[in-house]
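Architecture at a glance
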Amino acid sequence: MSNSTTEPVQPLSTEQLSATTLLRFATAGSVDDGKSTLVGRLLHDSKSVLTDQLEAVERVSASRGAEAPDLALLTDGLRAEREQGITIDVAYRYFATARRRFILADTPGHVQYTRNMVTGASTADLAVVLVDARNGVIEQTRRHAAVAALLRVPHVVLAVNKMDLVSYEESVFARIAEEFTAYASELGVPEITAIPISALAGDNVVEPSSNMDWYGGPTVLEHLETVPVSHNLTSCHARLPVQYVIRPQTAEHPDYRGYAGQIAAGTFRVGESVTVLPSGRTSKVAGIDLLGKAVDVAWTPQSITLLLEDDIDISRGDLIVPSGDVPEATQDIEATVCHVADTALAVGQRVLLKHTTRTVKAIVKEIPSRLTLDDLSQHPEPGRLVANDIGRVLVRTAEPLALDAYADSRRTGSFLLIDPADGTTLAAGMVGAAFAASAETDADAEAAADGDDEGWDF
């Protein structure tokens, strides 16, 4: 067993943390492409591993006869994962550098765990898709690129791993990068960055590689630290799902009536005219309480208490929006869903639909098609969706809901389908067109009015 020379991790001060931005990112890739090794290398070389954690990894690695620590063990926490050498569940890791804070989701590579990638990437600002340089772009690579595009992840990094096993050949990297970029761009992924790496050797993960002097781009960590990520959703449709009505009814606050929740998108200001859905009643913002203090303006993702000038019957599940930007309510929701349960979703099935803080009864009216992510082919009228399937559905709700398109808001454009019998989550839904390319193509087709359906929608 080798002795660790890793310096003890020095936690960032409160001032440093407050000055850094937050990046949520997910890793994806096929089995044995080296996702967990990349994450372990990233944590190790960025000095984000505690000494006792590294010592535990060294002990386990030595007991298996390994000459060097198996850094994949830093993320593969389940016993089954360690025994099989695979990733089964989504492993979340939190770390920080002087430039940025990170929430990392290490997702599984097996086809049967594609639904776990949906979970990990649903809130990600960036997805790292790994490819084995020896195998190139395979079906599972395309599948993960399609999921990232479907979830509207704004930044995708192609990490061509195991470059040491192909003699660090530039031509191998260039061929893979060109093929993947063409495919992901066609799906509508807005930004793709390709980086050649060796997670095992540490090439281009944290430190630049001397073995690939032909590459002049950033390392993985450098890109993660500098990629422009905007959490400023103040220009989006302002939405406040009501989570709780606060009425202290105390001597100090006898008439206080506040509507608490986390702003899903946009900005609210004192004096602004607002509409409460689904009732349609209107009022004006009389005050905004944030962390016990009155403020004039609040924005996403702040948790606030909103006070209105008029006494309106408002309860959990209601949605407060600006009167000049009221979303259309509907009982017929057409969306793309990722089926995550082991039990199937069938036409005619009764479900619960949870949108923000509101849950209503619903029924699956149609399943028009199922998508095969390998080649993006359409399977019309499948009748049911099983685990890991992605398909289009038409859901009829018992009450009108005000939803935005997922392309406009990942928070208010998404929903869950739940089994009313036991509360199991059946599917995660996204309102509107499937891919970014779909919306553009459909808009062009509608403008042309020629009836030719050549888009990615299905």
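Refer to the structure presented above.
Computed from a predicted model, the values in this text were never measured in an experiment.

So, the packing of aromatic side chains
Summed over all chains, the structure comprises four aromatic pairs. Seen in terms of ring centroids, Phe-25 and Phe-102 are 6.1 Å apart; in terms of plane orientation they differ by 90 degrees. Their pairing is edge-to-face. Taken together, the positions of Phe-25 in strand β1 (residues 21–29) and Phe-102 in strand β3 (residues 100–106) put the pair 77 residues apart, joining distant regions of the chain. Across the pair, Phe-102 and Phe-25 agree in class, each one buried. Here Phe-173 and Trp-214 contribute two aromatic rings whose centre-to-centre distance is 5.8 Å and whose plane-to-plane angle is 40 degrees, an arrangement assigned as tilted. Of this pair, Phe-173 sits in helix α7 (residues 170–187) while Trp-214 sits in the loop between β6 (191–196) and α8 (220–226), and the two are 41 residues apart along the sequence. Note on Phe-173: relative accessible area 10%, which makes it buried. Ring pairing ties together the aromatic residues Phe-25, Phe-95 and Phe-102, which thus form one cluster.

What to know about the nonpolar core
Formed by 45 residues in total, the largest nonpolar core has its most connected members in Leu-151, Met-163, Phe-180, Leu-187 and Phe-435. Every element with two or more residues in this core is listed here: β1, α5 (114–121), β4 (126–132), α6 (139–150), β5 (155–161) and α7. Of all the elements, α7 adds the most residues to this core, at eight residues. Apart from residues no more than four positions distant in its own chain, Met-163 is found in contact with Ala-133, Tyr-168, Glu-169, Phe-173, Pro-196, Ile-197, Ser-198, Met-212 and Trp-214. Judged by nonpolar contacts, the second largest core, of 25 residues, contains Leu-23, Phe-102, Leu-130 and Val-227.

Focus: the pairing of strand β12 (residues 281–290)
The pairing of strand β11 (residues 273–277) with β12 spans four bridges and is antiparallel. Its bridge partner lying in β12, Ser-273 is registered against Lys-284. Counted between consecutive antiparallel strands, the loop separating β11 from β12 contains three residues, among which Gly-280 sits at a positive phi close to 85 degrees. Relative to strand β15 (residues 303–308), β12 runs antiparallel, the two being bridged by four bridges. Bridge pairing in β15 links Ile-288 to Leu-306. With three bridges connecting them, β12 and strand β13 (residues 293–295) associate as antiparallel partners. Paired with Leu-290 across the strands is Lys-293, a residue of β13. Connecting β12 to the antiparallel partner β13 that follows it, the hairpin turn spans two residues, and Leu-291 within it adopts a positive phi of roughly 55 degrees.

Quick look at unusual backbone geometry
Across residues other than glycine, the phi torsion is negative in most instances, and most of the peptide bonds are trans. Here the bond from Leu-277 into Pro-278 is cis, since omega is 15 degrees, no more than 30 degrees from zero. Look at the link from Thr-300 to Pro-301: it is a cis peptide, with omega at 0 degrees. Inspection of the secondary structure puts Pro-301 in the loop between β14 (297–299) and β15. Here the phi dihedral of Asn-204 falls at roughly 60 degrees; this positive angle occurs in a residue that is not glycine. Given the relative accessible area of 3%, Asn-204 is considered buried.

Section: the sheet that holds β6
With mixed pairing, six strands are arranged side by side in an open sheet as β2-β3-β1-β4-β5-β6. Edge positions in the sheet fall to β2 (91–96) and β6, since each of these pairs with one other strand and no more. Averaged over all pairs of adjacent strands, the angle between their axes in this sheet comes to 20 degrees, without regard to strand direction. In the sheet, β1 pairs with β3 via seven bridges, with the strands oriented parallel. Pairing of Thr-27 across the sheet is with Asp-106, part of β3. Each of β1, β2 and β3 touches α5; the most contacted strand, β1, lies at about 170 degrees to it.

Conventions used here
- Residues numbered from 1 in each chain as written.
- Predicted model: local features only at pLDDT ≥ 70, side-chain atom pairs only at ≥ 80, totals over all residues.
- Heavy atoms only, no water.
- Phe/Tyr/Trp six-rings, centres within 6.5 Å; stacked < 30°, edge-to-face > 60°.
- Helix = DSSP H or I, 4+ residues; strand = E, 2+ residues; numbered from the N terminus.
- Buried < 20%, exposed > 50% of the residue type's maximum accessible area, 1.4 Å probe, protein only.
- Core = buried A, V, L, I, M, F, W, Y, C linked by side-chain atoms within 4.5 Å.
- Contact = heavy atoms within 4.5 Å.
- Pairing = 2+ DSSP bridges.
- Axes fitted to C-alpha atoms, helices over the stretch in contact; angles between N-to-C directions.

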